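Coordinates in review
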Amino acid sequence: MRSLLDIVDLTVEEIDELIATANDIIADPDKYAEKCKRKKLATLFFEPSTRTRLSFEAAMLELGGSVLGFSAANNSSAAKGESVADTVKTVGCYADIIAMRHPKEGAPMIASMRCDVPIINAGDGGHNHPTQTLADLLTINREKGHFDNLVVGMCGDLKFGRTVHSLIHALTRYENVKFVLISPDELKVPEYIIDELNKEGIPYVETTSLEEAMPELDILYMTRVQQERFFNEEDYLRLKDSYILTLDKLDTAKKDLCILHPLPRVNEISVAVDDDPRACYFKQVLNGKYIRMALILKLLEVA
Amino acid sequence: MMKVGAINNGVVIDHITAGKGMELYHFLNLDHVDAPIALIKNAPSQKMGKKDIIKIDAELNLALDALGYIDPNVTINVVKDGVRVEKFHPQLPEKLTNIVQCKNPRCITSVEQEIPHVFKLTNKETGEYRCIYCEAKAR
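Keep in mind that what you see is a predicted model, and the values were worked out from it rather than measured.

1. Regarding the domain arrangement of chain A
All names here are of chain A. Domain annotation for chain A reports domain 1 (7-128 + 288-299) and domain 2 (131-284). Between the C-alpha centres of domain 1 and domain 2 there is a distance of 27 Å. With 28 residues of domain 1 at the contact, the number on the domain 2 side is 20 residues. Around 1,800 Å² of area is buried between domain 1 and domain 2 when both sides are counted, 62% of it from carbon and sulfur atoms. When the buried area of domain 1 at its contact with domain 2 is split by residue, Ile7, Ile19 and Arg51 rank highest and sum to 27% of it.

Set out below in C-alpha cells:
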C-alpha cells in the first residue's frame with residue numbers, strides 16, 4: 001500500500017492523474033459522494049493545524065466516508081510517551097487511511113514503515129507538506145490550464161518556507177518555467193535549491209524588489225516574512241512593507257496574474273486585494289479539499 | 001619496523017589513516033571476537049608517512065563495506081591459506097545503519113530512542129549522506 005510522504009514520491013504522470021480526478025470531482029461531485037462509503041480516515045494531528053485537518057476531514061466526508069482522530073498531542077497517548085509507531089499501529093486497526101501532522105521531521109515516514117494503511121504526510125516540522133503543493137498545482141492548473149511556459153514569482157520568506165521549496169521542486173519538472181525569487185537578502189532560497197536550478201539549467205533571477213519583478217509574472221506566490229526570522233528589529237521594520245502586496249503594487253501586473261498564498265495570512269496581502277479577480281488564495285483552499293479527495297481515492301485504490 | 005606475523009586465513013585492513021585504527025576496531029566489534037587480531041598503530045608507510053593496520057586471523061562475517069565511509073583510504077586484503085586472494089577498496093555503501101547519528105534536533109530520531117539512524121548515499125562524488133527521515137546531511 002502506498003503512502004504520500006514527499007511530493008517527489010509522485011511522478012509527473014501521477015500528479016496529472018490526481019489533477020484530472022480533482023477536476024472531475026469539481027465538475028460532478030455527486031458521482032463521488034459515496035465512493036468511500038464505510039471507509040474511515042484518521043487525522044492524527046500531533047501539532048495543531050485547523051486548516052489542513054478540516055480540509056482532510058471535509059474531503060473524506062464529501063466522499064461519503066467518516067473521520068476520527070485527534071487535533072493536538074496532549075489529547076492523544078503521545079502525551080503519555082507512546083511512540084509514533086505504536087500510535088499508528090493502533091490507529092491502523094481502526095482506520096483505512098491516516099493523515100498525519102507531526103512537529104518532528106520524518107515522523108510520517110516512521111509511521112509508513114510500521115503501519116499497513118496508507119499514510120499521508122500533512123506536514124512534518126519544516127520538512128515536507130506535499131498536499132499543500134498539490135493544492136498549489138491544482139490551482140495553477142485550473143487558473144492557467146498548463147504548467148509549462150510560466151514565469152513564477154516567489155515572494156517573502158524563501159529561506160524557511162517549505163511550501164516554496166516543494167513547489168519549486170514540483171514545477172522544475174515542467175518545460176520552460178522561469179522562477180523570479182523575490183526576498184530580502186536574509187531570506188533567500190537555500191543554496192541547495194539554487195544548485196539544483198543551476199544543474200538543471202532552469203532559468204531564475206533573485207531580486208529584492210517585488211515592484212520590479214511584478215510586470216513579467218504569471219504566478220505570484222506570496223509568503224509571510226516573519227519577524228522572528230530577523231536578527232534585529234530595524235532590519236525587519238525596514239523590510240517588512242516591501243513584501244506586503246497591495247492594490248497599488250498590482251498596477252503593473254498582468255491582467256491574468258494568479259496570486260497564491262499557502263495561508264494563514266497575517267498582513268502580507270492587503271485585504272483590499274481579496275476582491276481583485278487575480279486573488280486566487282481562497283480558491284486554493286477549496287482546491288486543497290478537492291485534491292485531497294483525489295489523493296484519498298488514489299491511495300485507497302477506489303476507482 | 002615492529003614484526004607482527006603473517007596471517008593464514010582472514011583479512012588485513014591496510015592503509016588505515018593513522019589514528020583511526022581503534023575506531024575501525026570498535027566499529028567492527030573486534031573486541032568481542034575470540035580470534036588472533038593485531039592492531040598496529042603508526043606503522044611507517046611510504047605512501048602515507050604512517051598508517052594503522054588491522055590483521056584478523058579468522059574468517060569472519062564483517063561489515064567491511066561500511067569501512068569506506070569511516071575511512072575511504074583503507075585497502076582490504078583477503079588471505080586464504082597464507083596467500084592474498086583478493087584486494088579491494090571498499091566502496092561507499094548505499095546505506096549506513098546506526099553508524100552515523102542524526103544531529104538534527106527537529107528529526108524524529110531525536111525524540112524516539114529506538115528508531116535506527118539510517119543514512120542514504122545521496123551524492124557519490126562528494127560522499128554526501130542524508131538522513132532518510134529528515135534529509136539532514138550526515139556530519
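Following the structure, the description resumes.
2. A word on the side chain of threonine 109 of chain B
Residues and elements named next belong to chain B. Inspection of the secondary structure puts threonine 109 in the loop between β6 (95-97) and β7 (118-123). The class of threonine 109 is buried, set by a relative accessible area of 5%. Once you skip the residues sitting within four places of it in the chain, threonine 109 turns out to touch Cys102, Ile115, Pro116, His117 and Tyr133.

3. Structural notes on the layout of surface pockets
Over the atoms a probe the size of a water molecule is rolled, and this reveals where empty space is left. All names here are of chain A. Approximately 680 Å³ is the volume attributed to the second largest pocket. Contributing elements (two or more residues each) for the lining of the second largest pocket: α2 (50-62) and α6 (162-171). For the lining of the second largest pocket, the residue count by class is four nonpolar, eleven polar and seven charged. Of the domains in this structure, domain 1 (7-128 + 288-299) and domain 2 (131-284) are the two that each give at least three residues to the lining of the second largest pocket.

4. Describing the nonpolar core
The tendency in soluble globular proteins is for nonpolar side chains to be buried as a group. Residues and elements named next belong to chain A. Counting 59 residues, the largest nonpolar core has Leu134, Met154, Ile168, Leu171, Phe179, Leu181 and Ile296 as the members making the most contacts within it. Residue contributions to this core peak at eight residues, all from helix α10 (residues 281-299). There are two domains that each give this core at least three residues, and those are domain 1 (7-128 + 288-299) and domain 2 (131-284). Apart from residues no more than four positions distant in its own chain, isoleucine 296 is found in contact with Cys36, Phe56, Ala59, Met60, Leu63, Ile97 and Ile120.

5. As for the pattern of salt bridges
Residues and elements named next belong to chain A. This structure, assessed with the given rule, holds 19 salt bridges over all chains. Across the pair lysine 144 and aspartate 256 runs a salt bridge, and its minimum N-O distance is 3.6 Å. Taken together, the positions of lysine 144 in helix α5 (residues 130-144) and aspartate 256 in the loop between α9 (233-240) and β9 (258-260) put the pair 112 residues apart, joining distant regions of the chain. Classification of aspartate 256 by relative accessible area gives partly exposed; the value is 47%. The partner of arginine 238 in a salt bridge is aspartate 235, and the shortest N-O contact between them spans 3.0 Å. Highlighted residues: arginine 238 and aspartate 235, both in helix α9, separated by three residues, approximately one helical turn. Take arginine 238: its relative accessible area is 54%, and that puts it in the exposed class. Residues joined by salt bridges that share partners form a network here, namely Arg2, Glu14, Glu17 and Lys298.

6. Quick look at empty space enclosed by the protein
All chains considered together, the criterion is met by two cavities of 30 Å³ or more. Counted as a void, the largest cavity has a volume near 70 Å³. Lining the largest cavity are Thr223, Arg224, Val225, Tyr236, Lys240, Tyr243, Ile244, Asn267 and Glu268 of chain A. One number sums up the size of the second largest cavity: a volume of about 30 Å³. Gln101, Cys102, Lys103, Asn104, Phe119, Ala136, Lys137, Ala138 and Arg139 of chain B together form the lining of the second largest cavity. Its residues placed into classes, the lining of the second largest cavity shows four nonpolar, two polar and three charged.

Definitions and limits used
Residues numbered from 1 in each chain as written. Chains lettered and ligands numbered in written order. Predicted model: local features only at pLDDT ≥ 70, side-chain atom pairs only at ≥ 80, totals over all residues. Heavy atoms only, no water. Domains from an automatic or database assignment. Contact = heavy atoms within 4.5 Å. Buried area = accessible area lost by both parts, 1.4 Å probe. Helix = DSSP H or I, 4+ residues; strand = E, 2+ residues; numbered from the N terminus. Buried < 20%, exposed > 50% of the residue type's maximum accessible area, 1.4 Å probe, protein only. 1 Å grid on protein atoms, 1.4 Å probe; cavity = no way out; pocket = protein on both sides within 12 Å on 5 of 7 lines; lining within 4 Å. Points joined across faces, edges and corners; volume = space filled by probe spheres on them. Nonpolar A, V, L, I, M, F, W, Y, C, P; charged D, E, K, R; others polar. Core = buried A, V, L, I, M, F, W, Y, C linked by side-chain atoms within 4.5 Å. Salt bridge = Lys/Arg side-chain N within 4 Å of Asp/Glu carboxyl O.

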